[in-house]
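Commentary on secondary and tertiary structure
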Amino acid sequence: MKRAAMRLWTLNKGLLTHGRGLAYGSENKICKPLHIQEVRNKLREIVGVSTIWRDHVKAMEERKLLHNFLATSQKALPPRKMKDSYIEVLLPLGSDPDLRDKYLTVQNTVRFGRILEDLDSLGVLVCYMHNQNHSTKMSPLSIVTVLVDKIDMCKYSLSPEQDIKFTGHVSWVGKTSMEVKMKMFQMHSDDKFWPVLDATFVMVARDSENKGPAFVNPLVPENKEEEELITQGELNKSRRIAFSTTSLLKVAPNSEERNVIHELFLNTLDPKTISFQSRILPPKAVWMEDTKLKSLDICHPQERNIFNRIFGGFLMRKAYELAWATACSFGGSRPYVVTVDDIMFQKPVEVGSLLFLSSQVCFTQDNYIQVRVHSEVASLDSREHMTTNVFHFTFMSEKEVPLIFPKTYGESMLYLDGQRHFKSMSTPVILKKNYTVEP
Ligand SMILES: CCCCCC(=O)SCCNC(=O)CCNC(=O)[C@H](O)C(C)(C)COP(=O)(O)OP(=O)(O)OC[C@H]1O[C@@H](n2cnc3c(N)ncnc32)[C@H](O)[C@@H]1OP(=O)(O)O
């Protein structure tokens, strides 16, 4: 075993909060939270990543040596409690003006895209805490984000001048996957942290080279509340399977949905002609095809994650910002995000790829705008495009927005998919003027 691989990756426990604290009860002692910038540093330590890009091949070679530390079965790994992975992280926007610029929008609010990046890093660190192996120096696991199941926003404004706190812990485990629950709070004028958002991510453990699956430590509940979280995790898994088996890419829409599409079609027929071909737009409506916005990014090494692939948080930020611009130009006023839903990371994005994002409004209702962003990559030497992600965002506009009309069958499926995601939103949010979360 090389020396680099022997370095102790045990986290500085003094900096972390153990116990459930703000997450769901506060009888436990709160220690000093980790600074946001330390999260990525800790991740680098745990994985043993190179800070110099030209050394990345060597660093991955060293990680190969950690293969021997991987468990051959889940039973061979000691069970963990939720408090073992519990972390608190501070984003000191109030006390650190230098940090503030990175998070600032022109309207003097917080960039939500940056928050998505922080949540992604925090989720990965939480999983490393859960799987911490005191006998190895660096972790033999490569932990990647597979799914952003849900991010639900509460109703409080995000000020760029007040501290933000994140908490997170593992709430359910499968064999190689883990569900992570995270919360975000912001300091209020009463000197208390008020809730801002709830997030559920799914992370997957892979071997030290990120080439095959790896087992994660089992999770045992300590009380009824934790039992319920684990049961909820099981239900979430079944819901995800049910959602994907009824995907419109696999099966036809149900009869209610077919009626919706036919009704939309009939509403666009020109009453002056008896033809299926002449379509006209009803008043206060927009064709779906006219809502598209596209972007292209070159995936530079700066955006790499600890495994030399493109960081999931960067992809989310880029997709979110394009979705926000799409909702803004469609709705005619500054929209704010209500829910982020079902972001699946199907394929890793290699450093050096071209990233093509295509964003479109696919469903609207009252003040709500449902936006879908499709992400594809192509390598510089091949023209072949490959889908890596589909992102779903629900925005709310200050005023009522136009109806959206699909023209083609494909667009009708996008409409129904958007409607399904919209309906899965857990709680409708009531428009509040003081609630401003922007890109
Ligand atoms: C700063 C550090 C940040 C690092 C984080 C990142 O940025 S990561 C960068 C962004 N993310 C990525 O690049 C990941 C890209 N995606 C992939 O590479 C691949 O899709 C994958 C390895 C995650 C999964 O591949 P496969 O689906 O073939 O793997 P497999 O079928 O073995 O599934 C592995 C586990 O994932 C679960 N799983 C798979 N798809 C799932 C889904 N949609 N929702 C929930 N769980 C899912 C399975 O149930 C299984 O868990 P069980 O075994 O428990 O049943």
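Throughout this document, residue positions are counted from 1 along each chain, in the order its sequence is written. Confidence filtering applies because this is a predicted model: local features only for residues at pLDDT of at least 70, side-chain atom pairs given and counted only at 80 or more, and all residues used for totals across whole chains, interfaces and linings. With hydrogens and water excluded, all non-hydrogen atoms of the structure serve as input to the side-chain values.

1. Brief notes about the pairing of strand E3 (residues 142-153)
Each regular strand shows side chains that alternate between the opposite faces of the sheet. Our working rule: A simple rule labels every residue: compare its accessible area, found with a 1.4 Å probe on the protein chains alone, to the largest value its type can have, and call it buried under 20%, exposed over 50%, or partly exposed in between. A helix here means a DSSP run of H or I that spans at least four residues, while a strand means a run of E at least two residues long, and both kinds are numbered starting from the N terminus. The criterion for strand pairing is that DSSP finds at least two bridges linking the strands in question.
Taken across its twelve residues, E3 has ten buried, putting it largely inside the fold. Here E3 pairs with strand E9 (residues 336-345) via five bridges, running antiparallel. Bridge assignment links Lys 150 to a residue of E9, and that residue is Asp 341.

2. Comments concerning the domain arrangement of the chain
Think of interface size as the accessible area that goes away when the parts come together; that is how it is often given. Spelled out, the test is: Domain start and end points were adopted from an automatic or database domain assignment. Every residue pair with non-hydrogen atoms within 4.5 Å of one another is taken to be in contact. Buried area: the accessible area, evaluated with a 1.4 Å probe, that two parts lose upon being put together, summed over both parts. In the sections that follow, a salt bridge refers to a side-chain nitrogen of Lys or Arg positioned within 4 Å of a carboxyl oxygen of Asp or Glu. Here a polar contact is recorded for every N or O atom pair within 3.5 Å, except that within protein the pair must consist of a potential hydrogen donor and a potential acceptor, and residues adjacent in sequence are included only if both atoms are side-chain atoms. Residues are grouped as follows: Ala, Val, Leu, Ile, Met, Phe, Trp, Tyr, Cys and Pro are nonpolar; Asp, Glu, Lys and Arg are charged; every other residue, Gly included, is polar.
For the chain, the assigned domains read domain 1 (34-246) and domain 2 (255-424). Each partner contributes to the interface: domain 1 provides 37 residues, whereas domain 2 provides 28 residues. Taken over both partners, the interface formed by domain 1 and domain 2 buries close to 2900 Å², and the fraction arising from carbon and sulfur atoms is 59%. Here domain 1 and domain 2 share three salt bridges between them. Among the salt bridges present, the one from Arg 317 reaches Glu 117, with a minimum N-O distance of 2.9 Å. Across the contact surface, domain 1 and domain 2 share 13 residue pairs in polar contact (both at pLDDT 80 or more). Among the elements of the structure, helix H2 (36-47), helix H3 (56-64), helix H6 (112-130) and E3 are those that each provide at least two residues to the side of domain 1 that touches domain 2. A total of twelve residues in the side of domain 1 that touches domain 2 trace back to one element, the largest contributor, which is E3. A breakdown of the residues in the side of domain 1 that touches domain 2 according to their chemical character gives 18 nonpolar, ten polar and nine charged.

3. Details of the packing of H2 against H6
Where we set the bar: What counts as an axis is a line fitted to C-alpha atoms, over the stretch in contact for a helix, and the angles between N-to-C directions run from 0 to 180 degrees. Any angle that is under 35 degrees is reported as roughly parallel, and any over 145 degrees as roughly antiparallel; angles of 65 to 115 degrees are reported as roughly perpendicular and all others as oblique. Each helix crossing is assigned a hand: it is left-handed if the near helix lies turned anticlockwise from the far helix by less than a right angle, otherwise right-handed if that turn is clockwise.
The contact between H2 and H6 brings their axes to 10 Å, and the two run at 45°. With respect to H6, the axis of H2 lies oblique. Here H2 and H6 pass one another in a crossing that is left-handed. Along the contact surface, H2 presents Ile 36, Val 39, Arg 40, Lys 42, Leu 43, Ile 46 and Val 47, while H6 presents Asp 118, Ser 121, Leu 122, Val 124, Leu 125 and Tyr 128. By residue class, the composition of the contact of H2 with H6 is nine nonpolar, one polar and three charged.

4. Quick look at helix H8 (residues 255-267)
Let me state the cut-off plainly: Any helix carries an expected span of 1.5 Å times its number of residues minus one.
Here H8 spans 18 Å end to end across 13 residues, near enough to the 18 Å set by a 1.5 Å rise per residue. Structurally, H8 contributes buried residues whose contacts are with strand E13 (403-405) and helix H10 (409-423). Where H8 starts, the residue carrying a side-chain oxygen 3.2 Å from the main-chain nitrogen of Glu 256 turns out to be Asn 254.

5. A word on the sheet that holds strand E11 (residues 368-378)
Reading across from one edge, E1-E2-E4-E5-E6-E3-E9-E12-E11-E10-E8 is the order of the eleven strands in this open sheet, with mixed pairing throughout. Bordering the open sheet on either side are strand E1 (34-35) and strand E8 (293-298), each of which pairs with just one other strand. Direction of pairing for E9 relative to strand E12 (residues 386-396): antiparallel, over a ladder of seven bridges. Looking across to E12, one finds that Phe 345 is bridged to Asn 389. Packed on one face of the sheet, H6 meets E1, strand E2 (87-91), E3, strand E4 (164-173), strand E5 (177-187), strand E6 (193-206) and E9 and runs near 45° to E4.

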